[in-house]
Amino acid sequence: MIRHIVLIKFQPDVAEELIESLFQELRSIRDQVSGIGEIVSGRSESPEQIERGYMHGFTVDFESWEALDAYQTHPDHKALGAKLVANTIGGIDGILVLDIPVSA
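In this report, we go over the structure that sits alongside the text. (Residues numbered from 1 in each chain as written. Predicted model: local features only at pLDDT ≥ 70, side-chain atom pairs only at ≥ 80, totals over all residues. Heavy atoms only, no water.)

**Re helix α1 (residues 16–29)**
Along an α-helix, residues three or four apart share an orientation, since each turn contains 3.6 residues.
Then, number 1: Spanning 14 residues, α1 covers 20 Å between terminal C-alpha atoms, matching the ideal 20 Å at 1.5 Å per step.
Then, number 2: Every buried residue of α1 is accounted for by I19, L22, F23, L26 and I29. Down the axis, α1 shows its buried residues gathered within 100 degrees of arc, on one side only.
Then, number 3: On its buried side, α1 packs onto β1 (2–8), β2 (36–43), β3 (56–62), α2 (65–73) and α3 (75–86). (Helix = DSSP H or I, 4+ residues; strand = E, 2+ residues; numbered from the N terminus. Expected span 1.5 Å × (residues − 1). Buried < 20%, exposed > 50% of the residue type's maximum accessible area, 1.4 Å probe, protein only. Arc of directions from axis to C-beta. Contact = heavy atoms within 4.5 Å.)

Written as structure tokens, this is what we have:
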């Protein structure tokens, strides 16, 4: 399994309702691409408070690298990615992505 981790530094004027609608759009991609497992999204509630402005994020579990590739090249993912970039501080610099293999 591959865990796709995305941290987002949204612009301060982006409403929580817009952020939630973007996360809903993310969840709808599951119906378009096979090999997607659990999707978790939300705002940080960390007691450590060391988010450094990356207050929102999501994880998507993929059954394989091929499933992750299918997701990354899917037009719905590209459209969502453009919306995320448009609403972050610094554009693409307001997004961090990690892909980590996870043992079963």
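**Here's the deal with the side chain of T88**
Then, number 1: Mapping T88 onto the fold places it in the loop between α3 and β4 (95–101).
Then, number 2: Its relative accessible area of 2% is what places T88 among the buried residues.
Then, number 3: A distance of 3.1 Å separates a polar side-chain atom of T88 from the backbone oxygen of V85.
Then, number 4: T88 has contacts with I8, K9, F10, Q11, G94 and I95, leaving out every residue within four places of it along the chain. (Polar contact = N/O pair within 3.5 Å; in protein donor to acceptor, adjacent residues only side chain to side chain.)

**A short note on the packing of aromatic side chains**
Given two aromatic rings, one states the distance between the centres and the angle between the planes to describe the pair.
Then, number 1: Summed over the entire model, instances satisfying the criterion amount to two aromatic pairs.
Then, number 2: Taking 6.0 Å as the distance between ring centres and 70 degrees as the angle between the ring planes, the aromatic pair formed by F23 and F58 counts as edge-to-face. Here F58 lies in strand β3 and F23 lies in helix α1, a separation of 35 residues in the sequence. This pair shows no difference in class: F23 is buried, exactly as F58 is.
Then, number 3: Between F62 and Y71, the aromatic rings sit 5.0 Å apart at their centres with planes inclined by 50 degrees, giving tilted as the arrangement. Neither F62 nor Y71 differs from the other in exposure class; each is buried. (Phe/Tyr/Trp six-rings, centres within 6.5 Å; stacked < 30°, edge-to-face > 60°.)

**Brief notes about the side chain of H4**
Then, number 1: Within the secondary structure layout, H4 lies in strand β1.
Then, number 2: By relative accessible area, H4 is classed as buried at 4%.
Then, number 3: Separated by 2.5 Å, the side chains of H4 and D99 make a polar contact.
Then, number 4: In contact with H4, other than residues within four places in its own chain, are F58, T59, V60, F62, L68, Y71, Q72, V97, L98 and D99.

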